[in-house]
Amino acid sequence: MRFGILGPLEVTGAAAPMDGGREPSYAPQAAKLRVVLGTLLIRANEVVSVESLIDELWPDAPPRTATTTLQVYVSHLRKTLQGADPEGGREALVTRRPGYLLRVGSDAVDALAFEDLSRRGHQALQASDFAAAADLQRRALALWRGPLLSDTPHGPVLEGAAVRLAEARTTALDERIRAELHLGLHRELVAELQELVAEHRMHEEFHTHLMVALYRCGRQAEALRVFTTLRQTLVEELGIEPGPASTRLQRRILEGDPALTRAGGRAAGPGAGTAAGTTAATAGTPAGTGRAPGHDGLPAAVAGTGAGAAGWSAAPGALPAADPCFTGRAEELNRLERMVRSAPAGGCVAVTGMPGAGKTALAVEAAHRVADAFPDGRLYLDLRDGAGPGLPSGAASVLERLLPASAGPGAAPADGAPQAPRVLLVLDGVGSETQVRPLLPALRGAVVLLVARRVPAGLPGLRSVLLGPWRPDEAQRLVGLFTGRAGTRPGTLGGTAALDAGPGLGPDTVAEIAELCGRLPLAVRTAAAQLAARPHWTAAVLADRLRDEGGRLDVLRTGDVDVRARLLDAYDACPEPQRRAFRLLSLLPPGRFGARQAAAALGLTEARASAALESLADERLVAVDRDGCHLPELLRLLAVERLALEDPPEVVRAAAERVCRAYAAAAAAEPGRVSDSGARGLVRLARTAYGAGLWALAVRLTDALAGWVPDDGEAVYALALDAARRCADRSAQARMRRSLGELAWQYRRVEQAHELFSGALELAREAGDEEEAARAQVGLAELCLDAGESAAAAALLEPALAALSAPGRTRGRYEASRARALLALAHEGPESARAWFGECLELAGALRDQRLEVYALRSLRALSLPPEGGSGPASRAVEIRPGLWRIHPAGVPT
């Protein structure tokens, strides 16, 4: 089967061509089926969650039967695929939690083929193989038949993919034209470029390409008119001037720069031939200096290049421009600047950290700030451009040109020692020290600033800055990223942008978005780009989409920036044992964990688990500090995805069981002592246990909450009640019904609460569970108190208090004493209530539950206050539980 999505949807199979030689099309006619198939093809070989597909099908308001309807659509698609490929079509679309996965070959989808050809064309252009670059990009562009899935309605996933691929198409077109300009095809390009600048009126690169093509055709006046038109458009519509590259090119055309008339060709090998822009930059420079005047002391190959050159890309070795949206990192930037300035000649400084943390941006920002300390230049090389270990193709020629040999004529001073230049070399994408060590002897006067995910061990005198997510206080000041006014230029940190941030885009909303992005700079900036690309979205809509863990990484993808892909690069670089450990750690609840919890997930001893964590920390897949370990949020979501994709269900279930047992045992060892974060982890694990059919563990983990109520408490306890039924545990059923009864009472569903408490009492008596029966009686007594039936409440509380006086029933005794204190407060007077609240205080101390202690103290203090109108304490509002109040005389908790 082959699929076409770069235009109307096409599905072709192995059937014989129809009359006329045209292959039959199996593309679905129904729009909804095209939406599902198109979404699966955009995410080919990835699991697409049911929620994402529903959101794509019904962006505004999905019907109640959405899940069932989606299943019907998938069934229809399987029949369609079987028609296209009777042997394997149906099996290509598989169900994989939490959704569906469409398996296709890399050459079976035109979009995948386009991206592969475009990537290879980009690599050829970087290697100065202009003929190959032009051919590859030409073949890539030929795959387009129109806008992405032009016959298919677009939801959020398809809309984002359409934006991304349209931008990729524009980039491929730009690079094809660059390559053809190098090949001397300027005359052939003029008509096409005139059409492109009419269509893309504010795309500066197309305008500069046309200017060069016209200039090379001897049409200087027309070339200058293109610049004038571009400037008028930008000034009138955006209020800005053309960029420095366009302006430099205009100046060179005005000056009649002869270097602009020369086209390049295919380089004969590393270092053979340069872009015309590089040639132009060096033209007219003093012989032997390698520097152009008026460029701040930088080598000509760096300072004189830019979009104004024939290839419109900076020459190899050029330091990227400072990022105008660089935000935060004041502490790390100052520390890095001090390290670089104080580094001796030949010294190394490294910026390391997890993918997407902004390592390159920090290094480039620091390189610009230390310009005065490196009068001979600041250079940049990206080692990821290479096809294998070592330096990328062409790097040797860059170093030879930008760091001229010191042993030539006139290079040695009187004492015979060569004088090396004072240069800062930024090496990005360092994979290991083996890429760097061979360079160091030749860089005697240079300081090397390395950018790497992990610390390149073994380099002498290396100092490093470890970069993690933005700090919480920085996340409060990221509004500027969403308004285009971000930056850490003197006096700002993005905070001033809050003055006109727009409706709903305040610091609190931005901080929530940042937290959902794990405060990872790449992810936050991608989220800001999503919001900018969709004017109909509000910040609240973006935050709501990000709250869905299953689709969060899908949202963080726009243009050619894909957060998932960046994280996958780090994951794929690890050997399988590390990848497996990383996947299994996603079964732990979010937050910090130690070696004991990791050992449960990995099925290892604590010692071996500690070693595995250290290895993952070296790869920046796990964050480690003095308080323990944790999976950074987006890496955790990636691990969840990969676990579902790569590990057999039986392996996942066994690991989940180990984790649930470990956490249940830890909670049982300290009953009643659970923090908010720990309780949220227990809730998540209870859901995991339920989903894996571990019914008894689901009950144990819910029991461990010890009265802590999550936001979705009713759903949590309902799952545990069902789990208790499945394992025929009547006592557990009674506990869960009582907990649901307490929630129903708090929500003022009195009849439902009475039914639940009564059912709990009956189940407890059938199970012979005296303690649970007594606690159900306390619940019924509270309902009676609420209805003003004090005699009935007293009749229920008396046997409950007696039953709960036995050892080991402290929490139940506390609840019974609290209810008895409220009864005394209403009908016996403050002294009797004080005695019962005093007992509550003692019991809370025995439980070591600070929340209950504070409640008891607060209640005792309230008894000492004079009444605010009325004749006694009962005339005031009464706190009947921590944070829950009854307003007299209505008796309605608030």
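As the structure is a prediction and not an experimental result, all values here were calculated from the model. (Residues numbered from 1 in each chain as written. Predicted model: local features only at pLDDT ≥ 70, side-chain atom pairs only at ≥ 80, totals over all residues. Heavy atoms only, no water.)

Spatially, five strands are ordered β7-β8-β9-β6-β10 in an open sheet, and the strand pairing comes out parallel. Two strands close off the open sheet at either side, each with one partner strand: β7 (378–382) and β10 (463–467). On average, adjacent strands in this sheet sit at an angle of 15 degrees to one another, irrespective of strand direction. Inspection of the sheet shows strand β8 (residues 423–430) paired to strand β9 (residues 446–452) by six bridges, in the parallel sense. Residue pairing in the sheet places V426 in a bridge with L449 of β9. Each of β6 (348–353), β8, β9 and β10 touches helix α14 (residues 330–342); the most contacted strand, β10, lies at about 165 degrees to it. (Pairing = 2+ DSSP bridges. Helix = DSSP H or I, 4+ residues; strand = E, 2+ residues; numbered from the N terminus. Axes fitted to C-alpha atoms, helices over the stretch in contact; angles between N-to-C directions. Contact = heavy atoms within 4.5 Å.)

As a further point, take the side chain of Q777. Residue position: Q777 is located in helix α34 (residues 770–786). By relative accessible area, which is 11% here, Q777 ends up buried. Excluding residues that lie within four positions of it along the chain, Q777 makes contacts with L761, R765, L796, P799 and A800. (Buried < 20%, exposed > 50% of the residue type's maximum accessible area, 1.4 Å probe, protein only.)

Our next topic: the sheet that holds strand β4 (residues 93–96). Two strands in a sheet stick together by hydrogen bonds in their backbones, pointing the same way (parallel) or opposite ways (antiparallel). If you trace the three strands from one edge of the open sheet to the other, you get β3-β5-β4, paired in antiparallel fashion. Edge positions in the open sheet fall to β3 (47–49) and β4, since each of these has one partner strand only. For this sheet the average axis-to-axis angle between neighbouring strands, irrespective of direction, equals 30 degrees. Judged from the three bridges that link them, β3 and strand β5 (residues 99–102) form a sheet pairing that is antiparallel. Its bridge partner being in β5, V48 is matched across the sheet by Y100. Running over the sheet, helix α3 (residues 66–84) touches β4 and β5 and is turned about 150 degrees from β4.

With that out of the way, let us pick up the pattern of salt bridges. Counted by the stated rule, this structure contains 60 salt bridges. As a salt-bridge pair, R341 and D372 come within 2.9 Å of each other at their nearest N and O atoms. In this pair, R341 is assigned in helix α14 and D372 in the loop between α15 (359–369) and β7, connecting sequence segments 31 residues apart. Residue class for D372 comes out exposed when judged on its relative accessible area of 58%. Taken together, the shared-partner salt bridges connect E576, R579, R583, R642, E646 and D647 into one network. (Salt bridge = Lys/Arg side-chain N within 4 Å of Asp/Glu carboxyl O.)

Attention shifts here to helix α5 (residues 110–126). A rise of 1.5 Å per residue sets the reference length of α5, with its 17 residues, at 24 Å; its end C-alpha atoms lie 24 Å apart and thus fit the reference within 8%. Here α5 has its buried residues at D110, A111, F114, L117, S118, G121, A124 and L125. End-on, the buried residues of α5 take up no more than an arc of 145 degrees, which puts them together on one face. Contacts made by the buried residues of α5 are with β1 (2–4), α6 (130–142) and α7 (156–182). Positive backbone phi, at 65 degrees, marks S128, one or two positions downstream of α5. (Expected span 1.5 Å × (residues − 1). Arc of directions from axis to C-beta.)

With that settled, consider helix α35 (residues 790–803). Along an α-helix, a turn takes 3.6 residues, which lines up residues three or four apart on a common side. Taking 1.5 Å per residue, 14 residues should reach 20 Å; α35 reaches 20 Å between its end C-alpha atoms and fits that length. Taken together, the buried positions of α35 are A793, L796, L797, A800, L801 and A803. On its buried side, α35 packs onto α34, α36 (810–827) and α37 (830–847).

Once that is clear, we can look at unusual backbone geometry. Here the amide bond leading from R97 into P98 is cis, since omega sits at 5 degrees, within 30 degrees of zero. On the secondary structure map, P98 appears in the loop between β4 and β5. Although it is not a glycine, N45 sits at a positive phi angle of roughly 65 degrees. Among the secondary structure elements, N45 is positioned in the loop between α1 (31–42) and β3. Exposure remark for N45: the relative accessible area of 35% places this residue in the partly exposed category.

Time to look at the environment of V364. By the element assignment, V364 lies in helix α15. Since its relative accessible area comes to 7%, V364 is described here as buried. Through-space distance from the C-alpha of V364 to that of Y380 is 8.7 Å; in sequence the pair is 16 residues apart. Not counting residues within four places of it along the chain, the set of residues in contact with V364 comprises P320 and A321.

Before going further, it helps to spend a moment on the packing of helix α8 (residues 186–199) against helix α9 (residues 204–216). Two elements in contact, α8 and α9, have axes whose closest approach is 9 Å; the angle formed by their N-to-C orientations is 145 degrees. Note on packing geometry: the crossing formed by α8 with α9 is left-handed. Where α8 abuts α9, its residues H186, V190, L193, Q194, L196 and V197 lie against F206, H207, H209, L210, A213, L214 and R216. Residue composition of the contact of α8 with α9, grouped by class: eight nonpolar, four polar and one charged. (Left-handed = near helix turned anticlockwise from the far one by under 90°. Nonpolar A, V, L, I, M, F, W, Y, C, P; charged D, E, K, R; others polar.)

A separate point is the packing of helix α28 (residues 649–669) against helix α29 (residues 676–691). Remark: α28 packs on α29, axes separated minimally by 10 Å, with the N-to-C direction vectors making an angle of 140 degrees. Relative to α29, α28 is oriented oblique. You can see that α28 and α29 cross each other, and the crossing is left-handed. Residue-level contacts link A656, V659, C660 and Y663 of α28 to L682, L685, T688 and A689 of α29. Of the residues that constitute the contact of α28 with α29, the class distribution is seven nonpolar, one polar and no charged. (Parallel < 35°, antiparallel > 145°, perpendicular 65-115°, else oblique.)

So, on to the environment of S859. Mapped onto the elements, S859 comes out in helix α38 (residues 850–863). Sequence-wise, S859 and V878 are 19 residues apart; in three dimensions their C-alpha atoms are separated by 8.4 Å.

What follows deals with the packing of aromatic side chains. According to the stated counting rule, one finds five aromatic pairs in the structure shown. Between F114 and W144 the ring centres are 5.6 Å apart and the planes differ by 90 degrees, which places this aromatic pair in the edge-to-face class. Taken as a pair, F114 in helix α5 and W144 in the loop between α6 and α7 lie far apart in primary sequence, 30 residues in all. For F114, a relative accessible area of 1% gives the class buried. Given a relative accessible area of 14%, W144 falls into the buried group. Note on F837 and Y855: the rings are 6.3 Å apart at their centroids and 75 degrees apart in plane angle, and the pair reads as edge-to-face. (Phe/Tyr/Trp six-rings, centres within 6.5 Å; stacked < 30°, edge-to-face > 60°.)

The next thing to look at is a nonpolar patch on the surface. Taken together, the side chains of M202, L238 and I240 define a hydrophobic patch exposed on the protein surface, amounting to about 270 Å² of accessible area. Position of L238 relative to the elements: it lies in helix α10 (residues 220–238). (Patch = residues over 30% accessible without salt bridge, like charges linked within 9 Å, V, L, I, M, F, W, Y side chains within 5 Å. Areas by Shrake-Rupley, 256 points an atom, 1.4 Å probe, with all protein chains shown as cover.)

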